[in-house]
Amino acid sequence: MRHVILVPLCALAGLLTTVSCRGGGESAPGGPAWRPGYVRPTVIDFHGHIYPDGLARLETAMVDNGLSLMVNLSGGTLEEAPDAAKLAAAFPRMVPFFNVDWRRRGEVGFGAAMAADLEVAVKRYGFRGLKIPKVLGLYLRDRDGKRVPVDWPELDPLWKKAGELGVPVAIHTADPRAFWLPPTPENERYEELALHPRWSFYGPEWPDRMALLGELENVFRKHPETTFVSVHFGNNAEDLDYVDRILGTYPNVCVDTAARLGEIGRHPPEKVRALFVKYADRIVFGTDIGISAQGIMLGSQGAEMPTPADIQPFYAAHWRFFEGTEKSIAHPTPVQGRWTIDAIGLPDEVLEKVYWRNAARLLKVDPKTLGR
Ligand SMILES: [Zn+2]
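These remarks concern the structure in this document. Source: prediction; values computed, not measured.

### Re the overall build of the protein chain
Item 1. From N to C terminus, the protein chain includes 13 helices and 11 strands.
Item 2. For the protein chain, the C-alpha radius of gyration of 20 Å lies close to 21 Å, the compact-globule estimate for 372 residues.
Item 3. Overall size of the protein chain, expressed as C-alpha extent along the three principal axes, is 60 × 50 × 40 Å.
Item 4. Within the span of the protein chain, comprising 372 residues, buried residues form 49% of the whole.
Item 5. Once local pairs closer than 6 in sequence are excluded, the contacts in the protein chain between residues at least 24 apart make up 73%.

Structural data, given as structure tokens:
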């Protein structure tokens with residue numbers, strides 16, 4: 001979802017500035033059914049898309065589900081930054097990430113200009129990171145009509161600047177494997193592709209999926225001083241060995257879990273658990289929730305628009321997966337496939353890191369301010 005200012009900011013004045021954390025309704029007392037006795041710590045959702053008019057809904061969702069911070073990856077460009085800063089002042093529990101103004105990509109010195117914009121967004125307006133969407137590598141064309149690769153050298157000053165400023169770069173590259181296969185009923189994500197034909201990258205006009213991930217890796221390698229959060233579980237949740245290799249090779253890379261429980265949970269649970277334990281400091285919880293006054297997105301978009309009542313079951317499906325040990329349970333986003341997943345029963349200390357500690361470190365948040 002894109003960040004669009006839809007309501008006058010005065011309408012938001014006086015909105016609550018703090019959120020009390022109940023830790024998730026189902027966890028008290030006696031703990032959740034799938035892990036009796038467990039007391040969930042506070043949670044930071046590292047992957048949200050929040051429209052300004054969705055703040056009241058967001059606040060309810062955060063209280064109901066025990067979230068202390070929501071990262072808004074759709075924080076906007078520098079043009080939108082003053083408004084985003086006012087929102088952040090009204091509701092500091094939402095943390096904005098900066099977005100590149102791709103319309104300017106034909107300008108000479110575009111990358112350096114975006115680096116300068118990022119610096120202003122961080123220093124003057126309090127943005128805490130940079131978000132790069134999958135348009136880079138897939139949809140963007142340069143002035144000559146040529147595809148703009150993920151490792152476009154023009155963007156080197158931007159990656160470098162993020163490193164200097166000490167803010168993480170959340171980057172989305174490519175998509176699930178099925179999106180490169182024919183969008184026919186045989187495709188395991190046919191329902192999703194039928195609803196969103198633009199998500200299909202099948203055909204000679206699209207770059208190869210692994211080539212895109214190769215370009216992404218070039219960026220990780222070239223900018224060791226910059227911290228990247230490779231979203232959607234390293235942008236390759238189907239391949240745990242790939243994720244293991246990337247995390248093992250590049251200490252500057254973390255991954256989030258957003259919108260990929262359906263993929264992560266298809267692997268043998270003991271293998272997934274071992275990966276989480278091995279990289280407990282490098283995996284952050286995220287959902288890809290989208291909230292506006294008009295609509296809600298829960299990781300993907302099905303045929304029917306979810307309602308606010310669907311938000312708590314959505315988070316609960318995440319808790320059940322990370323905390324429990326049940327087999328063949330539903331994943332949070334049904335349109336992403338009809339299969340079931342196996343829960344991974346993470347140890348308490350790993351949950352603590354994945355749920356909030358790693359995100360707090362990346363965002364430079366003082367744990368004392370999280371209202372635990
Ligand atoms: Zn997203």
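### Notes on the pairing of strand E8 (residues 253–256)
Item 1. Judged by which residues are buried, E8 turns out to be covered on both faces: Val253 and Val255 on one side and Cys254 and Asp256 on the other are all buried.
Item 2. Direction of pairing for strand E7 (residues 228–230) relative to E8: parallel, over a ladder of three bridges. Of the residues in E8, the one forming a bridge with Val229 is Cys254.

### Re helix H13 (residues 348–363)
Item 1. In this model H13 runs 22 Å from its N-terminal to its C-terminal C-alpha over 16 residues, within 8% of the 22 Å that 1.5 Å per residue would give.
Item 2. At Val354, H13 shows its largest kink, close to 50°.
Item 3. Of the residues making up H13, those classed as buried are Val350, Leu351, Lys353, Val354, Tyr355, Trp356, Arg357, Asn358, Ala359, Ala360 and Leu362.
Item 4. Looking at the buried side of H13, the elements it contacts are strand E1 (43–50), strand E2 (67–72), E8, helix H11 (269–278), strand E9 (283–284) and helix H12 (311–323).
Item 5. Where H13 ends, the next residue or the one after it, Lys364, has phi of about 55°, a positive value.

### Thoughts on the packing of helix H9 (residues 240–249) against H11
Item 1. Put simply, H9 and H11 touch, their axes get as near as 11 Å, and they point 10° apart. Comparing the axis directions of H9 and H11 gives the class roughly parallel. Side by side, H9 and H11 meet where Leu240, Val243 and Asp244 of the first sit next to Lys271, Val272 and Leu275 of the second.
Item 2. Within the contact of H9 with H11, the residues separate by chemical class into four nonpolar, no polar and two charged.

### Quick notes on the environment of Phe179
Item 1. Counting through the fold element by element, Phe179 comes out in the loop between strand E6 (169–171) and helix H6 (190–195).
Item 2. As a C-alpha pair, Phe179 and Tyr202 span 23 residues in sequence and 6.6 Å in three-dimensional space.

### Notes on the sheet that holds E1
Item 1. A sheet is described by the order of its strands in space; here five strands give the open sequence E3-E2-E1-E10-E11, paired in mixed fashion. The open sheet has two free edges, formed respectively by strand E3 (94–96) and strand E11 (296–298), since each of these has just one partner strand. Each neighbouring strand pair of the sheet contributes to a mean axis angle of 30°, computed without reference to strand direction.
Item 2. Those strands touched by helix H1 (residues 55–65) are E1, E2, E3 and strand E10 (289–291), and its axis lies near 135° from that of E2.

### Digging into H9
Item 1. Inspection of H9 places Val243, Ile246 and Leu247 among the buried residues, and these make up the whole buried set. Down the axis of H9, the buried set is contained in an arc of 95°. They therefore lie on one face. Exposed side of H9, more than 90 degrees from the buried face: Asp241, Gly248 and Thr249 are the residues found there.
Item 2. Where H9 is buried, its residues touch E7, helix H8 (231–234), E8 and H11.

### Some remarks on the nonpolar core
Item 1. Core analysis: the largest hydrophobic core is formed by 96 residues, its most contacted members being Ile44, Met70, Leu118, Val169, Phe276, Val284 and Val354.
Item 2. Not counting residues up to four positions away in its chain, the partners in contact with Ile44 are Leu67, Ser68, Leu69, Phe285, Trp356, Ala359 and Ala360.

### Here we look at the sheet that holds E9
Item 1. Taken together, the six strands give an open sheet; going across it, the order is E4-E5-E6-E7-E8-E9, and neighbouring strands pair in parallel fashion. Looking at which strands have only one partner, the edges of the open sheet turn out to be strand E4 (98–99) and E9.
Item 2. As judged from the two bridges shared by E8 and E9, these two strands associate in the parallel manner. For Val255, the partnering residue across the bridge sits in E9 and is Ile283.

### Some words on the packing of helix H3 (residues 110–123) against helix H5 (residues 156–165)
Two quantities define a packed helix pair, namely the angle between the helix axes and the distance between the axes.
Item 1. Packing of H3 against H5 leaves a shortest axis separation of 7 Å and a crossing angle of 25°. By the criterion of interaxial angle, the relationship of H3 to H5 is roughly parallel. For the crossing formed where H3 meets H5, the hand is right-handed. Between H3, through Gly111, Ala112, Met114, Ala115, Leu118, Glu119 and Val122, and H5, the contact on the second element is made entirely by Asp156, Pro157, Leu158, Lys161, Ala162 and Leu165.
Item 2. Per-class residue counts for the contact of H3 with H5 are nine nonpolar, one polar and three charged.

### Concerning unusual backbone geometry
Item 1. Phi is positive for Phe233, which is not a glycine, with a value near 55°.
Item 2. Counting through the fold element by element, Phe233 comes out in helix H8.
Item 3. Of note, the phi angle at Asn235 is positive, near 60°, even though the residue is not glycine.
Item 4. For Asn235, the location among the structural elements is in the loop between H8 and H9.

Calculation rules
- Residue numbering note: each chain is counted from 1, following its sequence as written.
- The predicted origin of the model limits local features to residues at a pLDDT of at least 70 and limits the giving and counting of side-chain atom pairs to 80 or more, whereas totals for whole chains, interfaces and linings rest on all residues.
- Secondary structure counts use DSSP, requiring at least four H or I residues in a row for a helix and at least two E residues in a row for a strand, with both numbered from the N terminus.
- With the radius of gyration taken over C-alpha atoms, the globule rule is written as 2.2 Å times the number of residues to the power 0.38.
- Backbone-placed C-beta atoms define the burial measure: a residue is buried with 20 or more other C-beta atoms within 10 Å of its own, exposed with 12 or fewer, and partly exposed in between.
- Whether two residues are in contact is decided by their C-beta atoms, placed from the backbone, lying within 7 Å.
- Here, any two strands with at least 2 DSSP bridges between them count as paired.
- By this rule, a helix spans an expected 1.5 Å times one less than how many residues it contains.
- At every residue, the bend is computed as the angle between two fitted axes, covering the seven residues ending there and the seven beginning there respectively.
- The angle between two axes is taken between their N-to-C directions and runs from 0 to 180 degrees, where each axis is a line fitted to C-alpha atoms and a helix contributes only its stretch in contact.
- Put simply, angles under 35 degrees are roughly parallel, angles over 145 are roughly antiparallel, angles from 65 to 115 are roughly perpendicular, and the rest are oblique.
- Under the grouping applied here, Gly and all other residues not named as nonpolar or charged are polar, the nonpolar ones being Ala, Val, Leu, Ile, Met, Phe, Trp, Tyr, Cys and Pro and the charged ones Asp, Glu, Lys and Arg.
- As used here, the arc is the angular range of directions from the helix axis to the C-beta atoms.
- We define the nonpolar core as any set of buried residues of the types Ala, Val, Leu, Ile, Met, Phe, Trp, Tyr and Cys, connected via C-beta atoms lying within 7 Å of each other.
- Should the near helix be turned counterclockwise from the far one by less than a right angle, the crossing is left-handed, whereas a clockwise turn marks it as right-handed.

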